[in-house]
Amino acid sequence: MPLTATTLALVSEADAETATRIERVASPGGIEAWLVREPAVPLIALEFAVTGGSTQDAPGKAGTANLVSGLLDEGAGDLDSAAFQDRLEAKAIELRFSAGRDHLSGSLKTLAENRDEAFGLLALALNTPRFDAEPVERVRQQVLAGIRRKSTNPNSLASEAWWAAAFPGHVYGRPVEGTAETVAAIGPEDLRAFVGRVLTRDTLKIAVVGDIDAATLAPLLDKVFGPLPAKGQRLAVAEAAPQGLGQRLVIDVDVPQTVLTFGWPGLKRSDPDFVPAYVLNHILGGGTFSSRFYREVREKRGLAYSVYSYLMPLDHAGLMIGGVSTRNDRAAESLSVIEAEIARLAKEGPSADELDKAKKYLIGAYALRFDTSGKIAGQLLQIQLDDLGIDYIHRRNGLVAAVTIEDVRRVAARLLNDKLLVTAAGRPVGIGGAAGGGQSGTGQGGTGQGG
């Protein structure tokens, strides 16, 4: 007997519940973490994040959060950069930091036997980063080299132009990495000021997975995160929606293919329609080999190898973003097909078969997000950041299974917009000039994120 979406949801929920029994751990100092204990594998994975990525870069200092993330493990306390890295390498400890638009985050992976050393080095990196002159300049040059490479990369150019046009005058319109001018202007005092304002306990979220119990973890949370300032001093970030809908902006690049980035308003994660929208997007452009974009653009017409769309819920804006790369002389046709599919889905909604297949895939694939300790920790952290509740893992597939065709049709009519903001990097034939009130031009902006 074939499995229905509801049956798959129940099976996947049972598997997830076995693999992810989540404990809420509170340290003596009041720091909370979500823990999934797994003593069968002698590893520990920790993920954490605080509110405030590139949105907290000071005016004229875009790229500060990104530079901080590259320097937190480049010397701390009484250990210079080389000594700190030697200590990590000697115990095979993986320690990484990253900055996005809304969050600064970190990741720690270690053998359980090296737990105390790993947590001690993380504590040093967070609480006493050195920002010595040599590593600051070395990492700055690495960032600048990346910015130079992106300045000739059509994918990067199309994405940056899209963000700049979508969010003019807003912090989301700035590049996360900054520009050559702003990165050059960042000094150690800017890095220290950023850490003091943003790396604080008031928005801290922590997830831990592996061979460690709650009683052992609790005092370690205080050791690592307890010395951080209790409250941050974050810059206010305005709510925003993408602008420039209907515009077609062309960035002239002498390459044989055009990269198109397109987008329009989406939903925040807290919106009651987010799960139906997630299913809708899978049908439109999120399904790698099953979406309408894939079928119409690649399979039927051979216009491109890859075409996609995704939801991007930011803290202060909701987006739907997509992209395609195609021959210059077929760029206009590709965009026309994409726009036609958006309009058709908005008008007619999906078929019952499309909805059933999308739900089955999304339910069945959910377990793949929990097949390693690192993935589980990442999922637990994201659920906390999205404020979905500690039981979300066990509710999620049921929410997908409950989506009806009426839900998806309603959300399609609400979200799918025939006025896209489009940026094209290349020499596209038939794109540019006034199109739906748009214009041709160039722009710089922030890079895209995964949805």
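This is a predicted model, so every value here is computed, not measured. (Residues numbered from 1 in each chain as written. Predicted model: local features only at pLDDT ≥ 70, side-chain atom pairs only at ≥ 80, totals over all residues. Heavy atoms only, no water.)

Within the protein, residue pLDDT values average 92, and 91% of them lie at 70 or more. Every residue in residues 1–14 scores below 50 in pLDDT, and together they form 21 contacts with partners more than four places removed in sequence or on other chains. Across residues 433–451, where pLDDT falls below 50, the model places 68 contacts with residues more than four positions away in sequence or in other chains. (pLDDT = per-residue confidence, 0-100. Contact = heavy atoms within 4.5 Å.)

This next bit is on the UniProt feature "domain: Peptidase M16 C-terminal" (unreviewed entry) in the protein. Residues given the UniProt feature "domain: Peptidase M16 C-terminal" (unreviewed entry) here are residues 187–361. Between the first and last C-alpha atoms of residues 187–361 the distance is 48 Å; the span itself is 41% helix and 21% strand. (UniProt positions renumbered as here; feature names shortened; annotations may be inferred. Helix = DSSP H or I, 4+ residues; strand = E, 2+ residues; numbered from the N terminus.)

To continue, consider the sheet that holds strand β11 (residues 421–426). Spatially, 5 strands are ordered β7-β11-β8-β10-β9 in an open sheet, and the strand pairing comes out mixed. Since the sheet does not close on itself, it has two edges, and those belong to β7 (248–252) and β9 (307–313), each with one partner. Here the strands of the sheet are splayed against their neighbours by 15° on average, with no regard to which way each runs. Where β7 and β11 come together, 5 bridges link them in parallel fashion. Bridge pairing in β11 links valine 250 to alanine 424. Where helix α11 (residues 292–299) meets the sheet, it contacts β8 (257–265), β9 and β10 (318–327), and its direction lies at approximately 150° from that of β9. Strands in contact with helix α12 (residues 331–348) are β7, β8, β9, β10 and β11; relative to β8, the strand with the most contacts, it is inclined by about 25°. (Pairing = 2+ DSSP bridges. Axes fitted to C-alpha atoms, helices over the stretch in contact; angles between N-to-C directions.)

Let us now look at the packing of helix α2 (residues 64–71) against helix α8 (residues 188–198). Interaxial distance between α2 and α8 falls to 10 Å at its minimum, and their mutual angle equals 90°. As far as their axial angle goes, α8 and α2 are roughly perpendicular. Between α2, through Thr64, Ala65, Leu67, Val68 and Leu71, and α8, the contact on the second element is made entirely by Asp190, Leu191, Phe194 and Val195. Of the residues assigned to the contact of α2 with α8, the class counts are 7 nonpolar, 1 polar and 1 charged. (Parallel < 35°, antiparallel > 145°, perpendicular 65-115°, else oblique. Nonpolar A, V, L, I, M, F, W, Y, C, P; charged D, E, K, R; others polar.)

What follows is about helix α4 (residues 115–127). A rise of 1.5 Å per residue sets the reference length of α4, with its 13 residues, at 18 Å; its end C-alpha atoms lie 18 Å apart and thus fit the reference within 8%. Within α4, burial applies to Ala118, Phe119, Gly120, Leu121, Leu122, Ala123, Ala125 and Leu126. Tucked into the core, α4 has its buried residues touching β3 (43–51), α3 (81–90), β4 (94–99), β5 (103–111) and α9 (214–225). (Expected span 1.5 Å × (residues − 1). Buried < 20%, exposed > 50% of the residue type's maximum accessible area, 1.4 Å probe, protein only.)

Let us now look at the packing of aromatic side chains. Summed over the entire model, instances satisfying the criterion amount to 10 aromatic pairs. Aromatic side chains phenylalanine 167 and tyrosine 172 sit 5.6 Å apart centroid to centroid with 75° between the ring planes, which places their arrangement in the edge-to-face category. For the pair phenylalanine 167 and tyrosine 172, one class covers both residues: buried. With 5.5 Å between their ring centres and 90° between their planes, phenylalanine 289 and tyrosine 294 make a pair best called edge-to-face. On the accessibility criterion, phenylalanine 289 (62% relative accessible area) is exposed. Here the aromatic cluster, defined as three or more aromatic residues joined through ring pairs, consists of Trp162, Trp163, Phe167 and Tyr172. Residue placement shows arginine 101 over the ring face of tryptophan 163; its charged tip is 3.5 Å from the ring centre. (Phe/Tyr/Trp six-rings, centres within 6.5 Å; stacked < 30°, edge-to-face > 60°. Lys NZ or Arg CZ within 6 Å of the ring centre and 35° of its normal.)

In terms of domains, the protein is made up of domain 1 (20–226) and domain 2 (248–426). Taken over C-alpha atoms, the centre of domain 1 sits 29 Å from the centre of domain 2. Domain 1 puts 30 residues into the contact, and the matching count from domain 2 is 34 residues. For the interface between domain 1 and domain 2, the tally reads 0 salt bridges. Along the contact surface separating domain 1 from domain 2 lie 5 residue pairs in polar contact (both at pLDDT 80 or more). At the level of elements, β1 (22–26), β2 (32–37), β3, β5, α6 (154–166) and β6 (205–210) are the ones that each hand at least two residues to the side of domain 1 that touches domain 2. Among the elements that line the side of domain 1 that touches domain 2, the one with the most residues is α6, at 10 residues. When grouped by side-chain class, the residues that make up the side of domain 1 that touches domain 2 number 19 nonpolar, 5 polar and 6 charged. (Domains from an automatic or database assignment. Salt bridge = Lys/Arg side-chain N within 4 Å of Asp/Glu carboxyl O. Polar contact = N/O pair within 3.5 Å; in protein donor to acceptor, adjacent residues only side chain to side chain.)

Contact geometry of α2 with helix α5 (residues 133–150) gives a least axis separation of 10 Å together with a crossing angle of 120°. Looking at the two axes, α2 sits oblique to α5. Seen from above, α2 lies across α5 with right-handed handedness. Here Asn66, Leu67, Gly70 and Leu71 of α2 lie close against α5, whose contacting residues are Pro135, Val136, Val139, Arg140 and Val143. (Left-handed = near helix turned anticlockwise from the far one by under 90°.)

The next thing to look at is the pattern of salt bridges. Summed over the entire model, instances satisfying the criterion amount to 34 salt bridges. For aspartate 202, the salt bridge goes to arginine 234, with nearest N and O atoms at 3.2 Å. Of this pair, aspartate 202 sits in the loop between α8 and β6 while arginine 234 sits in the loop between α9 and β7, and the two are 32 residues apart along the sequence. Between glutamate 354 and arginine 295 there is a salt bridge, with its nearest N and O atoms 3.6 Å apart. Of the two residues, glutamate 354 is situated in helix α13 (residues 352–365) and arginine 295 in helix α11; the sequence distance between them amounts to 59 residues. Glutamate 354 sits in the buried class, given a relative accessible area of 17%. Among the charged side chains, a network of salt bridges with common partners joins Arg292, Arg295, Glu296, Lys300, Arg301, Glu341, Arg344, Glu348 and Glu354.

Among the nonpolar cores identified, the biggest contains 55 residues, and Leu46, Phe48, Leu122, Leu126, Ile206, Leu217 and Phe225 are the most heavily contacted of them. Aside from chain neighbours lying at most four places away, what touches leucine 126 is Phe48, Phe97, Leu199, Val224, Phe225 and Leu228. Counting residues in each nonpolar core, the second largest holds 43 residues, with Val275, Val400, Val403 and Ile405 among its members. (Core = buried A, V, L, I, M, F, W, Y, C linked by side-chain atoms within 4.5 Å.)

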